[in-house]
Amino acid sequence: MSEPDPNYSVNVRDFSLWYGDFQALKNVSLNLRDGIITSLIGPSGCGKTTLLRSFNRINERYGNVTTSGEITILEKNILDADVSLPELRKSVGMVFQRPNPLPVSIYENIIFGLRIHSDRKDLRRSEMDEAVETALRQVRLWDDLKDKLKNRATSLQLEQQQKLCIARLLPLKPRIILMDEPCSALDVDGTRAVEELMVSLADDYTILIVTHNMAQARRVSQECIFMLLGEIIEHDRTEQIFLSPRNQKTTEYIEGRYG
Amino acid sequence: MRKSLTTRQIVAEWIIENLIRLCGISAILFVFGIFFFVFREGAPLLFGEGGFDLIKFLTSPEWYPSSNSNPRYGILALILGTASVSCLAVLISVPFGLGAAIFISEFCGPKLKEGLKIVIELLAAIPSVVWGFIGLTLMKGIIESVFGVPFGLTVLNGAIILALMCLPIIVSISEDALRAVPDSYREAAQGLGATRWQLIYRVLLPAAKNGLLAAVLLGVGRAVGETMAVLMATGHAVNIPIDGTPPYFHALDSVRTLTATIAAELGETAQGSPHYRVLFLIGIFLFCITFTINLVADLVVRGIRKE
Ligand SMILES: Nc1ncnc2c1ncn2[C@@H]1O[C@H](COP(=O)(O)OP(=O)(O)O)[C@@H](O)[C@H]1O
Ligand SMILES: [Mg+2]
């Protein structure tokens, strides 16, 4: 199989989304470059979360969602009716605004994905142990948690919980990781640690992060998308957006004239 | 604040406060009063009155309370009658109740949800004598024609009726327990690609297990304590539905339960007679069972709140 353009892992064409009668996204078109961090900024309510949640179709939980257009991920229009949501979500992982580990052990949280995506008989203990160790090492939690794998994940500190939520995506080997304001529940140190982690993961994964912290967008992302009222206003290299934005509205937002 | 009140207001407030306090205390007094009364009537037997033997009372299957020459008061058959009807009822109602709760909380839209909840509440509002009536007529006929037995007032009949009566409790408490599971767990699991069923059995059921257990226990409590419906639906024959011949448990036998025995016989006994006291002792026994079940359910529910 050959990809049409190997440089992009997500292609969005004329994508619109409605919650009931309310149009939250208007003819969005964009390409996400493979293997970098792209940030999504814009005032609150402009549709950042909605766009992000369209990429793994978890928006559909709400039931009143309709869409039009195309989102191509891994050569497939994921809006097609025959798309398998479990498979889609296996390759497009998501980190939520509030850390949401499942109320089971740290170990079980990390192999949850493996358990639901493989037959029970194919899962060998050694394999699972290895997956847990690899994932925890990748998010730099292994040294802290290696003796506490049986502890409840919900009893960890928030920063560790959020790292764990990133770690549990990794055994599934996703191509894309979506993050919705992943640091908004964390303190300064936690934010720094998670940002460092994102940067270190960017070599292997395409990361899209929603943030309304512009400093964070500047620190971690190579490209940046500015949205306003459900539309994409500007999409460019991050320095370009922050140093010499092309659009007047982008300038106004960056200078802090919107909330 | 107090300073600005007039004397009249202060007096009125004092009266209202104490009135409310009295109501609260009286509820406790009534409970203890009832317990005291039942215990007083039954307890003399426990202290050996009339050569009463507690072990024999609990383990003998011979219930001949009105024999003139040799009255015998063994409640084993009644205990097993209650146990068999209740257990079978719970076995029937738990899967249906859990299934309904899962459907209501995870699968159906808001409108259907409202409709189903109303139906469940209606089910809870049907008086138990009406259920008994349904057992006595409709269910009796169905069981006779489906299983080809001559007499349809059986363990199975009582259990089905009881199961329908327990269903509202089990459904509504289970649904509460499932609804209390944070939505973030659902998003976490679905975000990792869990299907609905995987979400339910890997995340929701384990997360809600205490509430579900409490629902089942309260259903059991209801089943054990129910009187009128089982009296009418089980055939009221002193009989142990369990024996050594396959299938060992005979759901198409008639039985009699502890509650039904009290209801049917208490009116005919002379106050203070041995038979009268034995019936009260059965009452104490039932009270202990349901009290334990409710206490455990309460502790389990409390466990959920703490988490
Ligand atoms: N489940 C929903 N149902 C209806 N409207 C919604 C829902 N979620 C979000 N919206 C609306 O869509 C718009 C975009 O919301 P969102 O994507 O959460 O914005 P952001 O993440 O940029 O703050 C807002 O106007 C919001 O009110
Ligand atoms: Mg948002």
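Residues numbered from 1 in each chain as written. Chains lettered and ligands numbered in written order. Predicted model: local features only at pLDDT ≥ 70, side-chain atom pairs only at ≥ 80, totals over all residues. Heavy atoms only, no water.

Visitor: Tell me about the sheet that holds strand β2 (residues 22-33) of chain A, and name the residues and values.
Guide: All names here are of chain A. One open sheet holds the four strands; their spatial order is β2-β1-β4-β5, and the pairing between them is antiparallel. In the strand order of this sheet, the two ends are held by β2 and β5 (76-77), each with one partner. The pairing of strand β1 (residues 8-19) with strand β4 (residues 65-73) spans eight bridges and is classified as antiparallel. Each bridged residue has a counterpart across the sheet, and for Ser16 the counterpart in β4 is Ser68. (Pairing = 2+ DSSP bridges. Helix = DSSP H or I, 4+ residues; strand = E, 2+ residues; numbered from the N terminus.)

Visitor: How would you summarise helix α5 (residues 128-147) of chain B if you had to cite specific residues and measurements?
Guide: Largest kink in α5 of chain B: about 40°, centred on Met139 of chain B. Listed as buried for α5 of chain B are Trp131, Gly132, Gly135, Met139 and Ile143 of chain B. (Bend = angle between axes of the 7 residues up to and from the residue. Buried < 20%, exposed > 50% of the residue type's maximum accessible area, 1.4 Å probe, protein only.)

Visitor: Explain the interface of chain B and chain A to me, and be specific about the residues and the numbers.
Guide: The interface is formed by 17 residues belonging to chain B together with 21 residues belonging to chain A. Interface area, chain B with chain A, both sides summed: about 1,700 Å², of which 60% is carbon and sulfur. Of all residues in chain B, Glu187, Leu192 and Arg202 of chain B bury the most surface against chain A, accounting for 40% of the area lost on that side. Our count for the contact surface shared by chain B and chain A stands at three salt bridges. When the shortest N-O distance is used, the salt bridge between Arg61 of chain A and Asp183 of chain B registers 3.0 Å. Across the contact surface, chain B and chain A share eight residue pairs in polar contact (both at pLDDT 80 or more). Secondary structure elements with two or more residues in the side of chain B that touches chain A: α7 (183-191) and α8 (196-207) of chain B. With nine residues, the single largest contributor to the side of chain B that touches chain A is α7 of chain B. Partitioned by chemical class, the residues of the side of chain B that touches chain A number seven nonpolar, six polar and four charged. (Contact = heavy atoms within 4.5 Å. Buried area = accessible area lost by both parts, 1.4 Å probe. Salt bridge = Lys/Arg side-chain N within 4 Å of Asp/Glu carboxyl O. Polar contact = N/O pair within 3.5 Å; in protein donor to acceptor, adjacent residues only side chain to side chain. Nonpolar A, V, L, I, M, F, W, Y, C, P; charged D, E, K, R; others polar.)

Visitor: Describe empty space enclosed by the protein, listing the residues and the values that go with them.
Guide: Residues and elements named next belong to chain B. Enumeration over the complete set of coordinates arrives at one cavity of 30 Å³ or more. Taken as a whole, the largest cavity spans an internal volume of roughly 30 Å³. Taken together, Thr82, Val85, Ser86, Leu162, Ala223, Val224, Glu226, Val230, Thr257 and Thr259 make up the full set of residues lining the largest cavity. For the lining of the largest cavity, the secondary-structure elements that each account for two or more residues are α3 (76-107) and α9 (209-225). With three residues, the single largest contributor to the lining of the largest cavity is α3. The class makeup of the residues in the lining of the largest cavity is five nonpolar, four polar and one charged. (1 Å grid on protein atoms, 1.4 Å probe; cavity = no way out; pocket = protein on both sides within 12 Å on 5 of 7 lines; lining within 4 Å. Points joined across faces, edges and corners; volume = space filled by probe spheres on them.)

What is shown is where atoms sit, not what they do.
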